[in-house]
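Per-entry structural report
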Amino acid sequence: MITRHIFRFVPRSVFVFCFMTSTTKQLNAEQLSPLLVDFITRSTHAQQVQVINLHLLTGGASRQTWSFDARVQHENGRNETLPLILRSDPHEGPQSVMDRTLEFHILEAVYAEGVLVPKPYFLGDDSLGVPFFIMERIEGETIPRRLFRDPSFSQARQSMAQQLGTRLARIHRVPIENYHLSGLPAPQNGRSPAEEEIVRFEEMYATMAREPHLAFELAFRWLRQHMPAKQEQVLVHGDYRMGNVIFGPEGVRSILDWELAHLGDPLEDLGWMCVRSWRFGNDELPVGGVGKREDFWRAYEEAGGYPVDLTRVHFWEIFGNLRWGILCLTLTQPFLDGQNSSVELAAIGRRTVETEWELLHLMEE
Amino acid sequence: MQDRPTVMEYLQAVTHFLDEEAVPNLTGSRQFYGRVADNVLRAVMREIEHEEEYLFAEWERLNQLLPAMERPASQSALRAAIQQRTQELCQRIRRGDADTGSYREQVLVHVRESVREKLLVNNPQWLKRPVSS
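Residues numbered from 1 in each chain as written. Chains lettered and ligands numbered in written order. Predicted model: local features only at pLDDT ≥ 70, side-chain atom pairs only at ≥ 80, totals over all residues. Heavy atoms only, no water.

Structural notes on the overall build of chain A
Within chain A, the regular secondary structure consists of 14 helices and nine strands. Counting contacts in chain A only where the partners sit at least 6 residues apart, residues at least 24 apart contribute 71% of the total. Accessible surface, chain A: about 14100 Å² in total, of which carbon and sulfur atoms supply 49%. (Helix = DSSP H or I, 4+ residues; strand = E, 2+ residues; numbered from the N terminus. Contact = heavy atoms within 4.5 Å. Areas by Shrake-Rupley, 256 points an atom, 1.4 Å probe, with all protein chains shown as cover.)

Structural data, given as structure tokens:
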């Protein structure tokens, strides 16, 4: 349970290179290309398939992401070029936080329900030697600092917070019971979604912390004493924040990284989006550095989201800051254990204190 | 006793090199890592400058919250003792001692100050917390 959150939590913008130096053995492009040609030919029953522009986007400890185009010549003579992404587990090293099959099925479900996600094309087989799937590649921008400053997004910036709210409502209304998603994490032992998350992170904190953190002790205590009475239980994205959303000049294009999806309180996603670290310095705009909470909430409600109870969403924002603080402790472990000498993993350990400061203020509000 | 340059002067030389020569000539992930390394060194410099002052202040505050003790003489013993006493304070918080009342207020003052001292070393910019909506 603890490892579920370890590796995929870093802001795409800043930490994309985080694990590039890991010694994980992996296929190189020359080895991978013919395997992909065979797989796609089998999957599409095509006459001929060409794989071009194959390159590694991120080589993480928990998974790898490759970008490529497939030129497919169908049996009826029709040709098409598909822009694609391959997501696979590494050949060695720690297993991924969520298995690829479940992630693919979640993508299929939310895609079918009209959520903005890359089209899931093919669930992998054993031909690469590791679990994998292939999905559509969506072009656009995820890096917050560019989204904040680049003139080509000035129009989109006017409505980013509203669009984030609207798109999130659609996720929370996915009729998850209509899909076969066994294995989707859900509250255990009759716990409420809030209690489930608290218990999970108490355990992670107890395992990971190498020094006492008074602010976290106070925050856990606060959360236990302020657990919301009423909570819905729906499909929660689990990592809905800047860095995991692709924008174009017109606005939100696609929502990525479903590895932390689970059944939980919908307001968990709203609180997480407002964690201070996702503002990347744009502190006066609490919703991911792009908008005001009220605009985000209103758009969410108007698009069919659940009623935004102010006390409950505040609870989840406090939880979100605590969660990120504990994840900082977790992310620095490979450095402290001597498994990874990255200066970035070293630096993230002391970012924990940023969330402590935020927690102390939020608990008093 | 070492000769000049002092530790601080050495660190200044290295951060100057990173800032003026290395980082501008790096690209992509290397440039990013170069900036991270530079930030780490700057935190180290701030820690060297303030460590004793902050440790002494933290010890005095703990003496207000827990049975008073004499401050250990060496800095490493002081650090170990602070960590141990902070564990003790954590247990008190878990027991509910700091849930309400004046003890809670005292604990909050201490925690705020300790977190502020950590931020003054690691990310002083973060202390500025705009009133946001």
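There is more to say, and it comes next.
Considerations on the domain arrangement of chain A
Residue and element names in this part refer to chain A. Per the domain assignment, the segments of chain A are domain 1 (7–21 + 32–136) and domain 2 (144–364). Computed from C-alpha coordinates alone, the two centres of domain 1 and domain 2 are separated by 26 Å. Each side of the interface is counted separately: domain 1 has 32 residues, and domain 2 has 41 residues. The contact between domain 1 and domain 2 buries some 3000 Å² in all, and 67% of this surface belongs to carbon and sulfur atoms. Summed over the shared surface of domain 1 and domain 2, the number is five residue pairs in polar contact (both at pLDDT 80 or more). Of all the secondary structure elements, the ones that give two or more residues to the side of domain 1 that touches domain 2 are α1 (12–15) and α3 (100–112). Looking at the side of domain 1 that touches domain 2, the element that brings in the most residues is α3, giving nine residues. Split by residue class, the side of domain 1 that touches domain 2 holds 19 nonpolar, six polar and seven charged. (Domains from an automatic or database assignment. Buried area = accessible area lost by both parts, 1.4 Å probe. Polar contact = N/O pair within 3.5 Å; in protein donor to acceptor, adjacent residues only side chain to side chain. Nonpolar A, V, L, I, M, F, W, Y, C, P; charged D, E, K, R; others polar.)

Observations regarding the interface of chain B and chain A
Taken together, the contact between chain B and chain A spans 37 residues of the former and 37 residues of the latter. Carbon and sulfur atoms supply 63% of the area buried between chain B and chain A, which totals about 3500 Å² over both sides. Across the contact surface, chain B and chain A share six salt bridges. Between Glu358(A) and Arg129(B) there is a salt bridge, and its shortest N-O distance comes to 3.1 Å. (Salt bridge = Lys/Arg side-chain N within 4 Å of Asp/Glu carboxyl O.)

Overview of the environment of Ile48(B)
Residues and elements named next belong to chain B. Counting through the fold element by element, isoleucine 48 comes out in helix α2 (residues 28–65). According to the relative accessible area criterion, isoleucine 48 is partly exposed, its value standing at 42%. Residues isoleucine 48 and leucine 66, spaced 18 residues apart in sequence, show a C-alpha to C-alpha distance of 27 Å. When near neighbours in sequence (up to four residues on either side) are disregarded, isoleucine 48 contacts Val7, Met8 and Leu11. (Buried < 20%, exposed > 50% of the residue type's maximum accessible area, 1.4 Å probe, protein only.)

What to know about the packing of helix α14 (residues 352–364) of chain A against helix α4 (residues 101–122) of chain B
Interhelical geometry of α14(A) versus α4(B) gives an angle of 145 degrees and a closest axis separation of 9 Å. The two elements α14(A) and α4(B) cross, and the hand of that crossing is left-handed. For the pair α14(A) and α4(B), contact is made by Val353(A), Glu354(A), Glu356(A), Trp357(A), Leu360(A) and Glu364(A) and by Arg104(B), Leu108(B), Val111(B), Arg112(B), Val115(B), Arg116(B), Lys118(B) and Leu119(B), respectively. Here the residues of the contact of α14(A) with α4(B) are counted per class, giving seven nonpolar, no polar and seven charged. (Axes fitted to C-alpha atoms, helices over the stretch in contact; angles between N-to-C directions. Left-handed = near helix turned anticlockwise from the far one by under 90°.)

Examining the nonpolar core
Considering soluble globular proteins, one finds that nonpolar side chains tend to be buried as a cluster. Residues and elements named next belong to chain A. Counting residues in each nonpolar core, the largest one holds 107 residues, and the members touching the most others are Leu164 and Trp258. Broken down by element, the residue count for this core peaks at 12 residues, all from helix α11 (residues 310–331). Residue-level mapping places this core at the junction of two domains, with at least three residues from each of domain 1 (7–21 + 32–136) and domain 2 (144–364). Excluding residues that lie within four positions of it along the chain, leucine 164 makes contacts with Tyr240, Met242, Val245, Phe247, Val252, Met273, Val287, Val290 and Phe296. By size, the runner-up hydrophobic cluster in this structure holds 21 residues, among which are Phe39, Ile40, Val49 and Phe122. (Core = buried A, V, L, I, M, F, W, Y, C linked by side-chain atoms within 4.5 Å.)

Description of unusual backbone geometry
Cis geometry marks the peptide bond from Arg4(B) to Pro5(B), where omega comes out at 0 degrees. Position of Pro5(B) relative to the elements: it lies in the segment before α1 (7–22). With a phi angle near 55 degrees, Asn53(A) is a residue other than glycine that sits in the positive phi range. Following the sequence through the fold, Asn53(A) ends up in strand β1 (residues 48–59). Notably, Asn189(A) is not glycine yet its phi reads approximately 55 degrees, a positive angle. As for its position among the elements, Asn189(A) is in the loop between α6 (160–172) and α7 (193–208). Judged by its relative accessible area of 68%, Asn189(A) is exposed.

Focus: the side chain of Glu232(A)
Residues and elements named next belong to chain A. Positionally, glutamate 232 belongs in the loop between α8 (214–225) and β6 (234–236). At a separation of 2.8 Å, a polar atom in the side chain of glutamate 232 contacts the side chain of arginine 312. Not counting the four nearest positions on each side in its chain, glutamate 232 is found in contact with Pro193, Gly264, Asp265, Pro266, Tyr306 and Arg312.

Let's talk about the packing of aromatic side chains
All names here are of chain A. Applying the stated criterion across every chain yields a total of 13 aromatic pairs over all chains. On the basis of an interplanar angle of 70 degrees and a centroid distance of 5.0 Å, the ring pair of phenylalanine 39 and phenylalanine 132 is categorised as edge-to-face. Residue phenylalanine 39 is located in helix α2 (residues 29–44), and its partner phenylalanine 132 is located in strand β5 (residues 132–136); the two are separated by 93 residues in the primary sequence. With respect to burial, phenylalanine 39 and phenylalanine 132 carry one shared label: buried. Taken together, a centroid distance of 5.7 Å and an interplanar angle of 40 degrees make the contact between tyrosine 205 and phenylalanine 220 tilted. Of this pair, tyrosine 205 sits in helix α7 while phenylalanine 220 sits in helix α8, placing them 15 residues apart in sequence. The burial state of tyrosine 205 is the same as that of phenylalanine 220; both residues are buried. Counting every residue linked through ring pairs, the aromatic cluster contains Phe201, Trp222, Phe315, Trp316 and Phe319. (Phe/Tyr/Trp six-rings, centres within 6.5 Å; stacked < 30°, edge-to-face > 60°.)

Let's talk about the pattern of salt bridges
Note that side chains of opposite charge can pair when their charged atoms are close. A complete count under the given rule lists 42 salt bridges over all chains for this structure. Between Glu259(A) and Arg87(A) there is a salt bridge; the shortest N-O distance is 3.9 Å. Placement of the pair is Glu259(A) in the loop between β8 (251–255) and β9 (262–264) and Arg87(A) in strand β3 (residues 79–88), with a sequence separation of 172 residues. Taken as a pair, Glu259(A) and Arg87(A) share a single burial class, namely buried. Each of the salt bridges in this network shares a partner with another, and the network as a whole consists of Arg276(A), Arg279(A), Asp283(A), Arg293(A), Glu317(A), Glu358(A), Glu365(A) and Arg129(B).

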